Amino acid sequence: MSDPGVDLTNPELANEAELAFEGALRPRSLGEFVGQARVRGQLQLLLTAAQMQQRTPDHILLAGPPGLGKTTLAMIVAHEGGRPLRMSSGPAIQHAGDLAAILSSLVPGEVLFIDEIHRMARSAEEMLYLAMEDFRIDIMVGKGAGATSVPLDLAPFTLVGATTRSGLLPNPLRDRFGFTAHLEFYGEDELREVLGRAARMLGLDVDGEALAEIAGRCRGTPRIANRLLRRVRDYALVHGGRADLDAVRAALELYDVDELGLDRLDRAVIEAILTRFGGGPVGLNTLAVSVGEEAETIESVVEPFLVRIGLLTRTPRGRVASPEAWRHLGLRSPASGLPLDDL
Ligand SMILES: Nc1ncnc2c1ncn2[C@@H]1O[C@H](COP(=O)(O)OP(=O)(O)OP(=O)(O)O)[C@@H](O)[C@H]1O
């Protein structure tokens, strides 16, 4: 079934239907997890050492952009050690009491996953320091002058925190993780592997050329890769053909995802900078108004990818399009004075 309302190239998780789809494709072990070789090696060592010493593995912080596999790795940490997993998220922990309820009900060896840990309430963060270090929390009983703190021992557990904004974590929290894994965007070879695995699991017959084409358009992100594959599968199903290169091109054209993985909004932003502001510099707010979008969406969703692939730079005077941006949109830079082919 297709998902109306899913922004195909937004790396954030879209909705429950997508969650169920992702769940079915998630690798269950480090061996099945594609790419991120460094992080895999580091995690393997940490987990094996803990197993040999029969203790809970150190607390782990997973840092990186959305859709690169943080939740998947947290599940793998639990699964590889045969440990139960409890899942929560920063936004769901808005009071120290929310966290106390979770921590006090953990069973020995449990893995506690807190997604978006940078969004947890400050009071809960402070409770977590002690819990991570000593497997203990202090619970306040009573109010005002008569309030007393009662210590509560916790079962030993492993905290796996995930964050897209590790810079927002206070140092005392960051320092209590035994290991921080920085997830990087995936290369095209790795994405082909992610896609090949997903295609096999979906029983979809896709050739290598088609996989390579999708891999080049999914912004280095497995979540987007799987999402595009799903649309290609729909296309092949409806048109009664194979999921080949033609099907990929036609399906992704239909959904406005171009050869670089840019969507309609990305191209609108680039086009505005080029055609209305002569290539820039242009301020964020002016740019947002000119494409009819929120400045925050431009800054957090559109720009990071455009900067990463070298179409845009952020300067103190505003956003500036690169020569590649002119070329990608098939426009001639006024500064160059050259015919398009020579740019
Ligand atoms: N290394 C990988 N190999 C194979 N599939 C992967 C890999 N990483 C991620 N995926 C796929 O991408 C989907 C998204 O991954 P996941 O939910 O773990 O990302 P995330 O980093 O936790 O995202 P968010 O920050 O939005 O929670 C998963 O369902 C999984 O199928």
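Residues numbered from 1 in each chain as written. Predicted model: local features only at pLDDT ≥ 70, side-chain atom pairs only at ≥ 80, totals over all residues. Heavy atoms only, no water.

The chain appears in an unreviewed UniProt entry as Holliday junction branch migration complex subunit RuvB from Agromyces rhizosphaerae. Of the chain, the UniProt comment under Catalytic activity (unreviewed entry) reads exactly: "ATP + H2O = ADP + phosphate + H(+)". Here is the UniProt Subcellular location (unreviewed entry) comment for the chain, exactly as written: "Cytoplasm". (UniProt positions renumbered as here; feature names shortened; annotations may be inferred.)

A. Highlighting the packing of aromatic side chains. All chains considered together, the criterion is met by one aromatic pair. Taking 5.4 Å as the distance between ring centres and 70° as the angle between the ring planes, the aromatic pair formed by Phe135 and Phe157 counts as edge-to-face. Of this pair, Phe135 sits in the loop between helix H5 (122-134) and strand E4 (136-141) while Phe157 sits in the loop between strand E5 (148-153) and strand E6 (158-163); the two residues are 22 residues apart in sequence, bridging distant segments of the chain. Assessed through its relative accessible area of 23%, Phe135 is described here as partly exposed. Between the NZ or CZ atom of Arg308 and the centre of the ring of Phe185, over which it lies, the distance is 3.4 Å. (Phe/Tyr/Trp six-rings, centres within 6.5 Å; stacked < 30°, edge-to-face > 60°. Helix = DSSP H or I, 4+ residues; strand = E, 2+ residues; numbered from the N terminus. Buried < 20%, exposed > 50% of the residue type's maximum accessible area, 1.4 Å probe, protein only. Lys NZ or Arg CZ within 6 Å of the ring centre and 35° of its normal.)

B. Examining the domain arrangement of the chain more closely. By domain assignment, the chain separates into domain 1 (36-182), domain 2 (188-254) and domain 3 (264-342). The gap between the C-alpha centroids of domain 2 and domain 3 is 28 Å. (Domains from an automatic or database assignment.)

C. Looking closely at the layout of surface pockets. Here the largest pocket is characterised by a volume of approximately 1,500 Å³. The wall of the largest pocket is formed by 50 residues, among which Pro11, Pro65, Pro66, Gly67 and Thr164 lie closest to the centre. When contributions to the lining of the largest pocket are tallied by element, the ones reaching two or more residues are helix H1 (16-25), helix H3 (70-80), strand E2 (85-89), strand E3 (111-115), helix H7 (188-202), helix H9 (222-239) and helix H13 (295-308). Per-class residue counts for the lining of the largest pocket are 22 nonpolar, 14 polar and 14 charged. In this structure, the second largest pocket encloses a volume near 150 Å³. Lining the second largest pocket are Arg217, Arg249, Leu252, Glu253, Asp256, Val257, Asp258, Glu259, Arg267, His328 and Leu329. Considering only residue class, the lining of the second largest pocket consists of three nonpolar, one polar and seven charged. Structurally, the lining of the second largest pocket is a two-domain feature, drawing no fewer than three residues from each of domain 2 (188-254) and domain 3 (264-342). (1 Å grid on protein atoms, 1.4 Å probe; cavity = no way out; pocket = protein on both sides within 12 Å on 5 of 7 lines; lining within 4 Å. Points joined across faces, edges and corners; volume = space filled by probe spheres on them. Nonpolar A, V, L, I, M, F, W, Y, C, P; charged D, E, K, R; others polar.)

D. Spotlight on the UniProt feature "binding site: DNA" (unreviewed entry) in the chain. Residues given the UniProt feature "binding site: DNA" (unreviewed entry) here are Arg314 and Arg319. Note on placement: Arg314 falls in strand E8 (residues 312-315). Residue classification places Arg314 among the partly exposed residues on the basis of a relative accessible area of 43%. Not counting chain neighbours up to four residues away, the residues in contact with Arg314 comprise Glu299, Glu303, Pro304, Val307 and Arg319. A distance of 3.2 Å separates the side chain of Arg314 from the backbone oxygen of Glu299, its partner in a polar contact. Mapping Arg319 onto the fold places it in strand E9 (residues 318-321). What makes Arg319 buried here is its relative accessible area of 10%. If we skip the residues at most four places from it in the chain, Arg319 touches Ile273, Gly279, Gly280, Pro281, Val282, Leu284, Glu299, Glu303, Leu312, Thr313 and Arg314. (Contact = heavy atoms within 4.5 Å. Polar contact = N/O pair within 3.5 Å; in protein donor to acceptor, adjacent residues only side chain to side chain.)

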